[in-house]
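# Residue-level structure breakdown
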Amino acid sequence: MREVRVIQKLSFGEKFGYALGDMAANFVFQAMLALQLDFYTHTFGLTAAQAGTLFLVVGLGVACFNPVMGMIADRTTSKWGKFRPWLLWTAVPFGVISILTFTTPTLSPGAKIIYAWTTYILLRVIYTVNNVPYASLTGVMTQDPDERTSISSYRQIAANSAGFIVQSLAVPLVGILGRGNSARGYQLTMGLLSVLSVIFFVISFFTTEERIQPDPQQETSLGQDLSDLFNNRPWIVLFLVTLFYFSAILVRGNVMLPYFRYVAGKENLFAWFNGFGLASLLLGVACSTAVSVRVGKRELFIASMILSGLFSMVLYVISPQATNIIIGAEVLRQFSFGLSGPILWAMMGDVADYGEWKLKRRATGAVTGGIVFALWAGLALGGAVAGWLLSAYGLVSKADVQAPRTQAGIVLTASIYAGLFFLAAAACLFFYPLSREKNQSIANDLAERRKAASAAAK
């Protein structure tokens, strides 16, 4: 007999409102990725080494706070739920700290270093306090596995749209608003983006709803949460996938500008390369839900990672002067990669379901926080690997021309090495045990359990 599928559809308004929360966070996240190094070295006054040390130490340190924040969110009790209230509570502090981080104070060099460390630590902490509960919401807004993918598609489109806004408009805004004063320009630009972030977080809070709650009789302890994670095979696999996934993004992303500058000799084409790639990425994200409901999340994710790896590696055999082919390959790579974007976040809810089904305890925040730790660790690892590889191949900072060996190293890093990280993510996914049919079976079983528990409580 065919099993009845759990269906719990959400309105367009709730999905759109939820997605605005990711757009809000990505106004700042994308600024951290694309602008902060330039801000610290060319405006604030730090050396590249000082900024790099700041990013590495704080990045790895605060990454460890992600699973802790997940456990805190799991233990939150409020009339609004466990995760939603954190969007409201952190909205204004998030905006204020974002502005302060991109503000250049009139202080001595030593005091400015202290200011930079203090504000960057605060920014990374408030980002975690806000983002881990936000990401956990996906797992409790609906018990429908396919609807989770749809929710994640909305948020990925919003997040990548924020990336497009920051990468295309922020630098011109710094010049326009600063009128020659980059410090003032950065402060006003981040002020504008931060105001939008606060507004979008509040909208996200008011338009979403938590529908899945753990058993009120469930006993909670930090030790049990950690034990459950390491007894949850899908969580372990997804942790490793996330680590390789975000390492691949940074290895590839950090070397494409040097590729166009030193190998292709056409730095001005970098913006076109990114523009066409981002448009293709958004198309892939938009198609993700429709494809995944037919073939399954795991299968689509595997195909996405294999294709992303192969289309990365093909750069190795393309002539640097064949820019049309390079951009064409990037369009195919980004479309393939975009197909996986919503799936990673939707899988977190599925993994939380599996933990509740197998271990009789639900810890959505702990599951999400642990995966987000892997995300930040992957970003740190990927950035470090890219830097180490370019250094090993003899990259000379601020040089107009690089040695042939260095150019070859840039090509290898952007193609073969980045591709291997994508393929490593694909290899891990072969050990992910939750097929489409298994996800639906678990969702049905949990729905019956909750119905029985509700009836018994009356």
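Scroll up for the structure.
In short, a report on the structure. (Residues numbered from 1 in each chain as written. Predicted model: local features only at pLDDT ≥ 70, side-chain atom pairs only at ≥ 80, totals over all residues. Heavy atoms only, no water.)

## Brief notes about the overall build of the protein chain
If you tally the helices and strands in the protein chain, you get 17 helices and 0 strands. Computed over the C-alpha atoms, the radius of gyration of the protein chain is 22 Å, within 12% of the 23 Å expected from 2.2 N^0.38 for a compact globule of 458 residues. Considered along the principal axes of its C-alpha atoms, the protein chain spans approximately 75 × 50 × 40 Å. Evaluated residue by residue, the protein chain yields a buried proportion of 56% over its 458 residues. Once local pairs closer than 6 in sequence are excluded, the contacts in the protein chain between residues at least 24 apart make up 84%. Computed over 35 positive and 24 negative side-chain charges, the separation of the two mean positions in the protein chain equals 4 Å. (Helix = DSSP H or I, 4+ residues; strand = E, 2+ residues; numbered from the N terminus. Rg over C-alpha atoms; globule rule 2.2 N^0.38 Å. Buried < 20%, exposed > 50% of the residue type's maximum accessible area, 1.4 Å probe, protein only. Contact = heavy atoms within 4.5 Å. Lys, Arg positive; Asp, Glu negative; His and termini not counted. Charge placed at Lys NZ, Arg CZ, Asp CG, Glu CD.)

## Description of the nonpolar core
Counting residues in hydrophobic clusters, the biggest one holds 104 residues, and the most contacted among them are Tyr40, Phe301, Met305, Trp376 and Leu429. Broken down by element, the residue count for this core peaks at 13 residues, all from helix α6 (residues 109-141). Beyond its immediate chain neighbours, meaning those up to four positions away, methionine 305 contacts Tyr245, Phe337, Ser340, Phe422, Leu423, Ala425, Ala426 and Leu429. Of all hydrophobic cores here, the second largest spans 20 residues; its members include Val263, Leu269, Ile326 and Ile410. (Core = buried A, V, L, I, M, F, W, Y, C linked by side-chain atoms within 4.5 Å.)

## A short note on the pattern of salt bridges
A complete count under the given rule lists 13 salt bridges for this structure. One salt bridge connects aspartate 22 with arginine 155, and the closest N-O pair in it is separated by 3.0 Å. With aspartate 22 in helix α1 (residues 12-34) and arginine 155 in helix α7 (residues 145-178), this residue pair connects regions lying 133 residues apart in the sequence. Each member of the pair, aspartate 22 as well as arginine 155, carries the same accessibility label: buried. One salt bridge in this structure joins arginine 298 and glutamate 299, with 3.0 Å as the shortest N-O distance. One continuous salt-bridge network, built from bridges that share partners, spans Arg148, Lys297, Asp350 and Asp353. (Salt bridge = Lys/Arg side-chain N within 4 Å of Asp/Glu carboxyl O.)

## Notes on the packing of aromatic side chains
Inspection of the entire model under this criterion finds 34 aromatic pairs. Relative to tyrosine 115, the ring of phenylalanine 44 lies with its centre 6.3 Å away and its plane at 20°, an arrangement referred to as stacked. Residue phenylalanine 44 is located in helix α2 (residues 36-44), and its partner tyrosine 115 is located in helix α6; the two are separated by 71 residues in the primary sequence. For the pair phenylalanine 44 and tyrosine 115, a shared accessibility class is recorded, and that class is buried. Pairing tryptophan 80 with phenylalanine 205 gives two aromatic rings, centres 5.2 Å apart and planes at 90°, and the pair type is edge-to-face. Taken together, the residues tryptophan 80 in the loop between α4 (65-74) and α5 (84-101) and phenylalanine 205 in helix α8 (residues 182-207) connect sequence positions 125 residues apart. Grouped by ring-pair contacts, the aromatic residues Phe39, Tyr40, Phe44, Phe55, Phe102, Tyr115, Tyr120 and Tyr186 constitute a single cluster. The side chain of arginine 84 reaches across the aromatic face of phenylalanine 205, ending 4.5 Å from its centre. A cation sits over an aromatic face here: arginine 155 above tryptophan 345, 4.2 Å from the ring centre. (Phe/Tyr/Trp six-rings, centres within 6.5 Å; stacked < 30°, edge-to-face > 60°. Lys NZ or Arg CZ within 6 Å of the ring centre and 35° of its normal.)

## Description of helix α15 (residues 364-392)
Taking 1.5 Å of rise per residue, the 29 residues of α15 would be expected to cover 42 Å, and the 42 Å separating its terminal C-alpha atoms lies within 8% of that figure. Glycine 394 sits one or two residues past α15 and shows a positive phi near 85°. (Expected span 1.5 Å × (residues − 1).)

## Some thoughts on unusual backbone geometry
Located in the positive-phi region is arginine 179, a residue other than glycine, with phi close to 50°. Along the polypeptide, arginine 179 turns up in the loop between α7 and α8. For lysine 360, which is not glycine, the phi dihedral falls at a positive 65°. Its location among the elements puts lysine 360 in the loop between α14 (341-359) and α15.

## Considering the packing of helix α11 (residues 269-295) against helix α13 (residues 323-338)
α13 packs onto α11 with a crossing angle of 30° between their chain directions and a minimal axis gap of 7 Å. What the angle tells us is that α11 and α13 run roughly parallel. α11 and α13 meet at a crossing whose hand is right-handed. Between α11, through Leu269, Phe273, Phe276, Gly277, Leu278, Ser280, Leu281, Leu283, Gly284, Val285 and Cys287, and α13, the contact on the second element is made entirely by Thr323, Ile326, Ile327, Glu330, Val331, Gln334, Phe335, Phe337 and Gly338. Taken together, the residues of the contact of α11 with α13 break down into 13 nonpolar, 6 polar and 1 charged. (Axes fitted to C-alpha atoms, helices over the stretch in contact; angles between N-to-C directions. Parallel < 35°, antiparallel > 145°, perpendicular 65-115°, else oblique. Left-handed = near helix turned anticlockwise from the far one by under 90°. Nonpolar A, V, L, I, M, F, W, Y, C, P; charged D, E, K, R; others polar.)

## Some remarks on the side chain of threonine 119
By secondary structure assignment, the location of threonine 119 is in helix α6. In this view, threonine 119 contacts Ile97, Leu100 and Thr101; residues no more than four positions away in its chain are not counted.

## Re a nonpolar patch on the surface
A surface patch of nonpolar side chains, amounting to about 350 Å² of accessible area, comprises Leu226, Phe230, Ile236 and Leu240. Looking at the nonpolar patch, the elements with two or more residues in it are α9 (222-230) and α10 (233-263). Secondary-structure assignment places leucine 240 in helix α10. (Patch = residues over 30% accessible without salt bridge, like charges linked within 9 Å, V, L, I, M, F, W, Y side chains within 5 Å. Areas by Shrake-Rupley, 256 points an atom, 1.4 Å probe, with all protein chains shown as cover.)

## Looking at the side chain of arginine 252
Relative to the elements of secondary structure, arginine 252 occurs in helix α10. Judged by its relative accessible area of 5%, arginine 252 is buried. Of note is the side chain of arginine 252, whose polar atom sits 2.9 Å from the backbone oxygen of alanine 414. When neighbours within four sequence positions are excluded, arginine 252 is seen to be in contact with Phe273, Ser312, Leu315, Glu330, Arg333, Ala414 and Ala418. (Polar contact = N/O pair within 3.5 Å; in protein donor to acceptor, adjacent residues only side chain to side chain.)

## With respect to the packing of α4 against α15
One way to put it is that α4 packs onto α15 with a least axis distance of 7 Å and a crossing angle of 160°. In terms of orientation, α4 lies roughly antiparallel with respect to α15. Handedness of the α4/α15 crossing: right-handed. Facing Asn66, Pro67, Gly70, Met71 and Asp74 of α4, the residues of α15 in contact are Thr364, Gly365, Ala366, Gly369, Gly370, Val372, Phe373 and Trp376. Partitioned by chemical class, the residues of the contact of α4 with α15 number 6 nonpolar, 6 polar and 1 charged.

## A word on the environment of threonine 43
If you trace the backbone, threonine 43 turns up in helix α2. Assessed through its relative accessible area of 18%, threonine 43 is described here as buried. In this structure the C-alpha to C-alpha distance between threonine 43 and methionine 256, which are 213 residues apart in sequence, comes to 24 Å. Within polar-contact distance, the side chain of threonine 43 engages the side chain of serine 182 at 3.0 Å.

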